[in-house]
Amino acid sequence: MLSVLYLSTNTFIAACYYTIAFLIFQGLVGRQHLLSNPLVLANIAVFFSGVRHSAHVALAVGGHQSASSIFAIQASIDLTTVLATGTLIALRRYYSIFGEDPLLLADTQNQLEQANADLFKVNVNLESLVAKRTEELLHTNQKLESEIRERKQAEEETRHLQIFLNSVVENLPIGVFIKEANDLRFLYCNKASEEITGYLKEDVIGKNDYDLFAEKQADLLTAHERRVLGKQKLLDISEQQIQTKHRGLRIFLTRKIPLLDELGRPRYLLGISEDITERKQAIEALRQSEAAQKELIAFLRQQTTELETAMQKLQNTQSQMVQSEKMSSLGQLVAGVAHEINNPVSFIYGNLTYADQYTQDLLHLLHLYQHYYPQPVPEIQVQQESIDLDFVREDLSKMLSSMKLGADRIRQIVLSLQNFSRSDQAESKQLNIHEGLDSTLLILQHRLKAKLGNPGIELIKEYGDLPLVQCYGGQINQVFMNIIANAIDALEEYSYQNLAIRTIENLQPSFVQGYQKPPIFSTEPPISIKIRTEVLANDGNPRVVIRIRDNGPGIPPEVKPKLFDPFFTTKPVGKGAGLGLSISYQIVVEKHGGVLKCFSEVGEGTEFWIEIPINQSKGR
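Fair warning: this is a prediction, and the values are worked out from it, not measured in the lab. (Residues numbered from 1 in each chain as written. Predicted model: local features only at pLDDT ≥ 70, side-chain atom pairs only at ≥ 80, totals over all residues. Heavy atoms only, no water.)

Remarks on the overall build of the protein chain
Counting its regular elements, the protein chain contains 15 helices and 12 strands. Here the protein chain holds 620 residues, and the buried ones make up 29% of them. Restricting the contact set of the protein chain to residue pairs at least 6 apart, pairs at least 24 apart contribute 60%. With an accessible surface of roughly 40,500 Å², the protein chain has 59% of that area assigned to carbon and sulfur atoms. (Helix = DSSP H or I, 4+ residues; strand = E, 2+ residues; numbered from the N terminus. Buried < 20%, exposed > 50% of the residue type's maximum accessible area, 1.4 Å probe, protein only. Contact = heavy atoms within 4.5 Å. Areas by Shrake-Rupley, 256 points an atom, 1.4 Å probe, with all protein chains shown as cover.)

Shown next as structure tokens:
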């Protein structure tokens, strides 16, 4: 088995050597100066190595495998290889001296001449190119020198600008710092950053937030900065609380942005911080001040509104007091005049009876004289004819009766004036409402009568059975006066308007066929005022109701809500002050605890409803 393996191995090796030798020989064929080629020696060495292994194969096939035979064959082959190699080297040396060198020299000389010719041409071209290139180099050199000067100038300007920018950044009033993107260690901070944080540059450079702040604070700052670097976007932190070294906890406005390299990767982190603690405190103080100011403004507005309301009430009260004082003065004047008139009228009225009796006695005595002395002396007869004694005797009784009737009428008017004024009543008393109404109507009697263009106002009384009512008589009579006087004013204006319309219609031409003049006075129902009184007993609280109604034009809806407002009036200037109904409302509602309201429809008339508690203690 080993012999077979030995045989196959040597055979394979010998075949490889022969193949290599053949390939080398094929590469040498056709080449000049074969002996000068060093590959010839390699080919001989490879060939004899193949012969050596072929000898081993031949011995193995021939059965001669003794060590001496194998050694003898290897020695002979190695000797042959050495002799062949030595011979080849000697031949190569001989060829190099006597054969190859002259040929090589001649070839070299030819090549040298050709090379000189080519070199001359190249030299000429090269000189031309060198001249051209030299000119280009001179131009380029000049341009380069100009660019170098410009670049140096730009570098100088850049250096000055860099110094200026560094100075600007260093002296900015806001803190500026730069960190490297990997470990977030500080690389730079300006003076303002030192001032607002209390950390000097030498305390900060090369350190990160964990070296300067508490762990919780550093975690928050690092999280913000990692987020900025990750998103590569500006981060604006409007309120960031940082524990400074020298001023405690402060509030900062901070902006952080990444600075990228040429590959678009974050390289640095730029931060800008501003201490806004005082500003925040000022804003908070301003907010509190504004809130306080708003509260103060609201309070002042409320006070202003209350003052305006109080002023309005004061003006209304003042006007009402003035009006009441006028009415009181008028009442006192009326009471005084009535009192002054009442004395002489009472004197006259009281003496009229005696004057009538004395007159009758004198007339009876004169009759006796005429009966017993029918023929008086001539002088008496002349005097009788001169004074018309029969007429005087007949007219004297009639004159005394007229004087008595006039005095009685004066007494009634005086009593009505006294009853209306009630100047002697400072407190509420039990009074007869009907007497107050009649007194008011008596004073206004002259306005109810017919006048030129006014057919007169019909007065309708529907008095109920009223008990005595506890009230301020003079004030209640003033209410009656205001409401009835307003009703008379409305009816008079309504009557005059109707008369004007009928007068204009009456002026139409009478020659128009079928035209008939309308009557001057209307055939419609006469204008009237109805006064009705009654008692209402609701919930055990009896009240007296006085309803004063007219059949005038009525009150427009937009006017009704303003009827009882002070100084509101629809009358012409100078004819009304707008206080009558306002004072009446105050007297009825506030003074007597009653109700005063108005019902009106345009074209249907107006009714005022006056409701007064019979007993003031229950009405209040």
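On we go from here.
Notes on unusual backbone geometry
Most peptide bonds are trans, and most residues other than glycine sit at a negative phi. Positive phi, normally seen in glycine, also occurs at L184, with a value near 55°. We classify L184 as buried; its relative accessible area is 3%. In the Ramachandran plot, Q232 falls in the positive-phi region, its phi being about 55° despite a non-glycine side chain. Looking at the secondary structure, you find Q232 in the loop between α7 (215-231) and β3 (235-243).

Observations regarding the environment of Y268
You can see Y268 is positioned in strand β5 (residues 266-275). Exposure remark for Y268: the relative accessible area of 29% places this residue in the partly exposed category. Between the C-alpha atom of Y268 and that of A181, which follows or precedes it by 87 residues, the distance is 4.8 Å. Residues in contact with Y268, not counting those within four places in the same chain, are I178, K179, E180, A181, L187, L229, I257, P258 and L259. At a separation of 3.4 Å, a polar atom in the side chain of Y268 contacts the side chain of R267. (Polar contact = N/O pair within 3.5 Å; in protein donor to acceptor, adjacent residues only side chain to side chain.)

Digging into a nonpolar patch on the surface
Together, L362, L365, L368, Y369, Y372 and Y373 line one region of the surface with nonpolar side chains, adding up to about 690 Å² of accessible area. As for its position among the elements, Y373 is in the loop between α8 (277-372) and α9 (378-387). (Patch = residues over 30% accessible without salt bridge, like charges linked within 9 Å, V, L, I, M, F, W, Y side chains within 5 Å. Salt bridge = Lys/Arg side-chain N within 4 Å of Asp/Glu carboxyl O.)

Re the pairing of strand β2 (residues 186-189)
Where strand β1 (residues 175-180) meets β2, three bridges bridge the pair, whose relative direction is antiparallel. From the neighbouring strand, F177 faces β2, where its bridge partner is C189. Hairpin connection from β1 to β2: five residues lie between these consecutive antiparallel strands, with L184 at a positive phi of about 55°. (Pairing = 2+ DSSP bridges.)

Observations regarding the sheet that holds strand β10 (residues 541-550)
Spatially, five strands are ordered β7-β9-β10-β12-β11 in an open sheet, and the strand pairing comes out mixed. Of all strands in the sheet, those bounded by a partner on one side alone are β7 (458-462) and β11 (595-601). Direction aside, the axes of adjacent strands within the sheet are offset by 15° on average. Direction of pairing for strand β9 (residues 528-538) relative to β10: antiparallel, over a ladder of 10 bridges. Of the residues in β10, the one forming a bridge with K530 is R549. Its contacts with the sheet place helix α11 (residues 433-443) against β7, β9 and β10, and it is angled at close to 165° to β9. The sheet contacts of helix α14 (residues 580-591) involve β11 and β12 (605-613), and relative to β11 the element is tilted by about 135°. (Axes fitted to C-alpha atoms, helices over the stretch in contact; angles between N-to-C directions.)

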